[in-house]
Amino acid sequence: VQLQASGGGLVQPGGSLTLSCVASRSIRDFVTLAWYRRASGSQREMIARITHGGKADYIDSVKGRFTISRDHAKNTLYLQMNDLKPEDTAVYYCNALRLDDLYPVNYWGQGTQVTVSS
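Because the structure is a prediction, the values reported are computed rather than measured.

### Let's talk about the side chain of Ser 20
Within the element layout of this structure, Ser 20 appears in strand 3 (residues 17–23). Its relative accessible area of 18% is what places Ser 20 among the buried residues. Setting aside residues up to four positions removed in sequence, Ser 20 forms contacts with Gln 4, Ala 5, Ser 6, Trp 35, Thr 76, Leu 77 and Tyr 78.

Here it is in structure tokens:
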């Protein structure tokens, strides 16, 4: 399974970006789809996740500003990011989790850099 992330870039504080992650197979095959990020000097953290059933969860620092969504027809996961802050600067990764005989199997995109700076 290949995950291709895109959409990162340089944006001013208060600006918006939309990240995309295209999967090489049907995203209906995955239990969850998620976005992670890793800021410089920090560990990778999950910031948003959407379940197979469509339930979305967010970490507190992005609630109300970020929206995770998916398009089954395009096999694509999105992250709409609004009101971006300098602390959102990080490399963003998409993740897809499926179960293989009840064992979790994770797939990762290659990462896309988001820089929030004036």
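### A few points about the state of the cysteines
As used in these notes, a disulfide is a covalent bond between sulfur atoms, one from each of two cysteines. One pass over the full model with this rule turns up 1 disulfide. At a sulfur-sulfur separation of 2.1 Å, the disulfide partner of Cys 21 is Cys 94. Judged by the sign of its S-S torsion, about 65°, the cystine formed by Cys 21 and Cys 94 is right-handed. With Cys 21 in strand 3 and Cys 94 in strand 9 (residues 90–100), this residue pair connects regions lying 73 residues apart in the sequence. Look at Cys 21 and you get buried, because its relative accessible area is 4%. Here Cys 94 falls in the buried class, since its relative accessible area comes to 0%.

### Thoughts on the environment of Gln 2
The topology assignment puts Gln 2 in the segment before strand 1 (3–6). Once the C-alpha coordinates of Gln 2 and Gly 111 are considered, the two residues, 109 residues apart in sequence, prove to be 12 Å apart. Sequence-distant contacts of Gln 2, that is, excluding residues within four places in its chain, are made with Val 22, Ala 23 and Ser 24.

### Comments concerning the nonpolar core
In terms of nonpolar packing, the biggest core is built from 28 residues, with Trp 35, Phe 66, Leu 77, Leu 79, Met 81 and Tyr 92 touching the most fellow members. Those residues within four positions of Met 81 in sequence are excluded, and the remaining contacts are Gly 15, Ser 16, Leu 17, Leu 19, Arg 65, Phe 66, Tyr 92 and Val 114.

### Points about the pattern of salt bridges
Across all of its chains, the model carries 8 salt bridges by this definition. Between Asp 57 and Lys 55 there is a salt bridge whose closest N-O contact spans 2.8 Å.

### Considering empty space enclosed by the protein
Evaluation of the coordinates by the stated rule reveals 2 cavities of 30 Å³ or more. Approximately 40 Å³ is the volume found for the largest cavity. Around the largest cavity, the lining residues are Leu 3, Cys 21, Ala 23, Ile 27, Leu 33, Asn 75, Thr 76, Leu 77, Cys 94, Asn 95 and Ala 96. Counting residues per element, the ones that place at least two in the lining of the largest cavity are strand 3, strand 8 (76–81) and strand 9. If one sorts the elements of the lining of the largest cavity by residue count, strand 9 sits on top with 3 residues. By residue class, the composition of the lining of the largest cavity is 8 nonpolar, 3 polar and no charged. The computed volume of the second largest cavity comes to approximately 40 Å³. If you trace the second largest cavity, you find it lined by Ile 27, Phe 30, Val 31, Thr 32, Leu 33, Ile 50, Thr 51, His 52, Arg 70 and His 72. Where the lining of the second largest cavity is concerned, the elements lending two or more residues are strand 4 (32–38) and strand 5 (45–51). Of the residues in the lining of the second largest cavity, the class split is 5 nonpolar, 4 polar and 1 charged.

Calculation criteria
- Residues numbered from 1 in each chain as written.
- Predicted model: local features only at pLDDT ≥ 70, side-chain atom pairs only at ≥ 80, totals over all residues.
- Heavy atoms only, no water.
- Helix = DSSP H or I, 4+ residues; strand = E, 2+ residues; numbered from the N terminus.
- Buried < 20%, exposed > 50% of the residue type's maximum accessible area, 1.4 Å probe, protein only.
- Contact = heavy atoms within 4.5 Å.
- Disulfide = S-S within 2.5 Å.
- Core = buried A, V, L, I, M, F, W, Y, C linked by side-chain atoms within 4.5 Å.
- Salt bridge = Lys/Arg side-chain N within 4 Å of Asp/Glu carboxyl O.
- 1 Å grid on protein atoms, 1.4 Å probe; cavity = no way out; pocket = protein on both sides within 12 Å on 5 of 7 lines; lining within 4 Å.
- Points joined across faces, edges and corners; volume = space filled by probe spheres on them.
- Nonpolar A, V, L, I, M, F, W, Y, C, P; charged D, E, K, R; others polar.

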